[in-house]
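Each chain, written out:
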Amino acid sequence: DDNGSIYGHSVQSERREHERRILGGFMSHHIPIETCSKLDFNDFEGKDHQIIFKGIKELHKRQLFLGLDSIVFELDRQNFLNRVGGKDYLQELTNNSYPYTESLVNMHLRFIKSVSRRCELRQEVRDFIINLRENENQVFIRLIEEWLNKNVENIELPIVRNVVF
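Residues numbered from 1 in each chain as written. Predicted model: local features only at pLDDT ≥ 70, side-chain atom pairs only at ≥ 80, totals over all residues. Heavy atoms only, no water.

What follows covers the overall build of the protein chain. On a plain count of helices and strands, the protein chain comes out with seven helices and zero strands. Each helix and strand of the protein chain, placed in order from N terminus to C terminus, yields the pattern α-α-α-α-α-α-α. When the 165 residues of the protein chain are sorted by exposure, 42% land in the buried category. Residue pairs at least 24 apart in sequence account for 63% of intrachain contacts in the protein chain once pairs closer than 6 positions are excluded. With the model as given, the accessible surface of the protein chain reaches about 9600 Å², and the carbon-plus-sulfur share is 51%. (Helix = DSSP H or I, 4+ residues; strand = E, 2+ residues; numbered from the N terminus. Buried < 20%, exposed > 50% of the residue type's maximum accessible area, 1.4 Å probe, protein only. Contact = heavy atoms within 4.5 Å. Areas by Shrake-Rupley, 256 points an atom, 1.4 Å probe, with all protein chains shown as cover.)

Set out below in structure tokens:
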């Protein structure tokens, strides 16, 4: 289950666009590379973006990050370049980047982090419900499901909906 799939297409697309802007900003030097310390590998939804970010962060730690060429070289060295869409995709990310203000960078970071946290919370709720089901607390599960459906925006719990009470 891909974490992004719990949201509608527009949230997935928006998240992906924020990720593209952040990664492109790093590679074009429009975003200070030190900003990567505010993000984690799991803040990126797609495996391709996770791999790109991991490469950028590793190069930064080794003080070898010089931009697009260095990440292309590093991903090619690790046999990941084709897996992330090749040099053309990385170039596209860089070309679609522009100089960012600090507030715009923070807006992108907040969006990515908030979606990541919502995905984590959803998984925690799932685990909690599975645990309850294993302990046969069906009435309690129904109450939780009703509350979540009324109070938590954009969350679906297909695991619970398929349970026969």
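With that out of the way, let us pick up the packing of aromatic side chains. Counted according to the given criterion, the structure contains two aromatic pairs. Look at Phe26 and Phe53: their rings are 6.5 Å apart centre to centre, the planes differ by 35°, and that puts the pair in the tilted class. With Phe26 in helix α1 (residues 9–27) and Phe53 in helix α2 (residues 47–61), this pair connects stretches of sequence that are 27 residues apart. This pair shows no difference in class: Phe26 is buried, exactly as Phe53 is. (Phe/Tyr/Trp six-rings, centres within 6.5 Å; stacked < 30°, edge-to-face > 60°.)

The next thing to look at is the nonpolar core. Phe26, Ile52, Ile56, Ile71 and Leu90 are the most contacted members of the largest nonpolar core, which totals 28 residues. Those elements that place two or more of their residues in this core are α1, α2, α3 (68–77), α4 (86–95) and α5 (102–134). A total of five residues in this core trace back to one element, the largest contributor, which is α2. (Core = buried A, V, L, I, M, F, W, Y, C linked by side-chain atoms within 4.5 Å.)

Attention shifts here to the packing of α2 against α4. Contact geometry of α2 with α4 gives a least axis separation of 13 Å together with a crossing angle of 75°. Classified by the angle their axes make, α2 and α4 are roughly perpendicular. For the pair formed by α2 and α4, the contact residues are Asp48, His49 and Ile52 on the first element and Tyr89, Leu90 and Leu93 on the second. Residue composition of the contact of α2 with α4, by class: four nonpolar, one polar and one charged. (Axes fitted to C-alpha atoms, helices over the stretch in contact; angles between N-to-C directions. Parallel < 35°, antiparallel > 145°, perpendicular 65-115°, else oblique. Nonpolar A, V, L, I, M, F, W, Y, C, P; charged D, E, K, R; others polar.)

Summarising the element assignment, Lys113 is placed in helix α5. Judged by relative accessible area, which is 30%, Lys113 ranks as partly exposed. Spatially, the C-alpha atom of Lys113 lies 9.5 Å from that of Asn42, the residues being 71 residues apart in sequence. Once residues within four sequence positions are removed from consideration, Lys113 is found in contact with Lys38, Leu39, Asp40 and Asp43.

Counted under the stated rule, the structure contains six salt bridges. Two residues, Asp48 and Arg16, come together in a salt bridge whose shortest N-O distance is 2.5 Å. Taken together, the residues Asp48 in helix α2 and Arg16 in helix α1 connect sequence positions 32 residues apart. We note a salt bridge from Arg21 to Glu17, for which the minimum N-O separation is 3.4 Å. One end of the pair is Arg21 and the other is Glu17, both in helix α1 and four residues apart, which spans about a single turn. In this structure, a network of salt bridges that share partners links the residues Glu17, Arg20, Arg21 and Glu92. (Salt bridge = Lys/Arg side-chain N within 4 Å of Asp/Glu carboxyl O.)

One full turn of an α-helix is made of 3.6 residues, so residues set three or four places apart face in the same direction. Among the residues of α4, those classed as buried are Gly86, Tyr89, Leu90, Leu93 and Thr94. Taken down its axis, α4 places every buried residue within 140° of arc, on the same side. For α4, the exposed residues set more than 90 degrees away from the buried face come down to Asp88 and Asn95. (Arc of directions from axis to C-beta.)

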